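# Survey of secondary and tertiary structure
Now for the letters of each chain:
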Amino acid sequence: SNIRYTLQSTGDFDDGFHDTSLRVSEMDFPVYAEVVLPDLTVSATVVPASVTTGTQLTYQLVVRNLQPEAAQAVLVRQQLPAGVQLSSCTSDHGGVCGLASGSPTVSFATLAGGETAVIQIQANLACATADGATLSSAIDVQTESPEEQLDNNQTTVSITSVNPPPTLSDVT
């Protein structure tokens, strides 16, 4: 896009350079922060929501940049609950999966304005997990770029464990 930003040193906009060949829209920093700076959001789902112990579950994390300016050095972190062990991680838009303190991370060099990235985290639920336990996983996203709206940068998703009693067969 052909957007040029010039920050003014006074509140009356009389000190900026204005090229007459371009349409000029004046804005102060609070407006700039509200309508231009990156605004990252993260949401998550998990399938299945009730997980039988010893089986696999899949977290889907969706990271969006709601504003036109790109977010630089984006990092998504997920804190896996006790009893859930990482199996694999994939991401689109050039996301690089990693591991920090036993939990998955995904980093993006940049997340363009308006872009949405989808991350798939596959994990296994330990057999020793108690029946009916609710296990919550916290997810957050951060960027090195300035970001004014931070209250949508984290979310939590939960599963319920199903641990049926063992079935005995051919017992004589």
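Okay, so let's go over this structure. (Residues numbered from 1 in each chain as written. Predicted model: local features only at pLDDT ≥ 70, side-chain atom pairs only at ≥ 80, totals over all residues. Heavy atoms only, no water.)

### As for the side chain of Thr129
Mapped onto the elements of the fold, Thr129 is located in the loop between strand S8 (116-125) and strand S9 (134-142). Leave out the neighbours within four places in its chain, and Thr129 touches Thr53, Gly83, Leu135, Ser161 and Asn163. (Helix = DSSP H or I, 4+ residues; strand = E, 2+ residues; numbered from the N terminus. Contact = heavy atoms within 4.5 Å.)

### Points about unusual backbone geometry
The peptide bond linking Val47 to Pro48 adopts the cis configuration, its omega dihedral lying at -10°. By secondary structure assignment, the location of Pro48 is in the loop between strand S1 (40-47) and strand S2 (50-52). Phi is positive for Ala73, which is not a glycine, with a value near 50°. Of note, Ala73 is situated in strand S4 (residues 71-79). The exposure class assigned to Ala73 is partly exposed, which follows from its relative accessible area of 31%. (Buried < 20%, exposed > 50% of the residue type's maximum accessible area, 1.4 Å probe, protein only.)

### Remarks on the environment of Ala123
Here Ala123 lies in strand S8. Overall, the relative accessible area of 0% leaves Ala123 in the buried class. Through-space distance from the C-alpha of Ala123 to that of Val84 is 6.3 Å; in sequence the pair is 39 residues apart. When sequence neighbours within four positions are dropped, the list of residues in contact with Ala123 reads Thr55, Gln56, Leu57, Val84, Gln85, Leu86 and Ser87.

### Thoughts on the side chain of Ser161
Here Ser161 is to be found in strand S10 (residues 154-162). Exposure remark for Ser161: the relative accessible area of 1% places this residue in the buried category. Only 2.4 Å separates the side chain of Ser161 from the backbone oxygen of Ala130, close enough to count as a polar contact. Not counting chain neighbours up to four residues away, the residues in contact with Ser161 comprise Val51, Leu125, Thr129, Ala130, Asp131, Gly132 and Ala133. (Polar contact = N/O pair within 3.5 Å; in protein donor to acceptor, adjacent residues only side chain to side chain.)

### Some thoughts on the environment of Ala70
Examined against the element boundaries, Ala70 turns out to sit in the loop between strand S3 (56-65) and S4. We classify Ala70 as partly exposed; its relative accessible area is 25%. Along the sequence, Ala70 and Ser145 sit 75 residues apart, while their C-alpha atoms lie 8.3 Å from each other. Beyond its immediate stretch of four places on either side in the chain, Ala70 contacts Pro38, Asn65, Thr110, Leu111, Ala112, Gly113 and Ser145.

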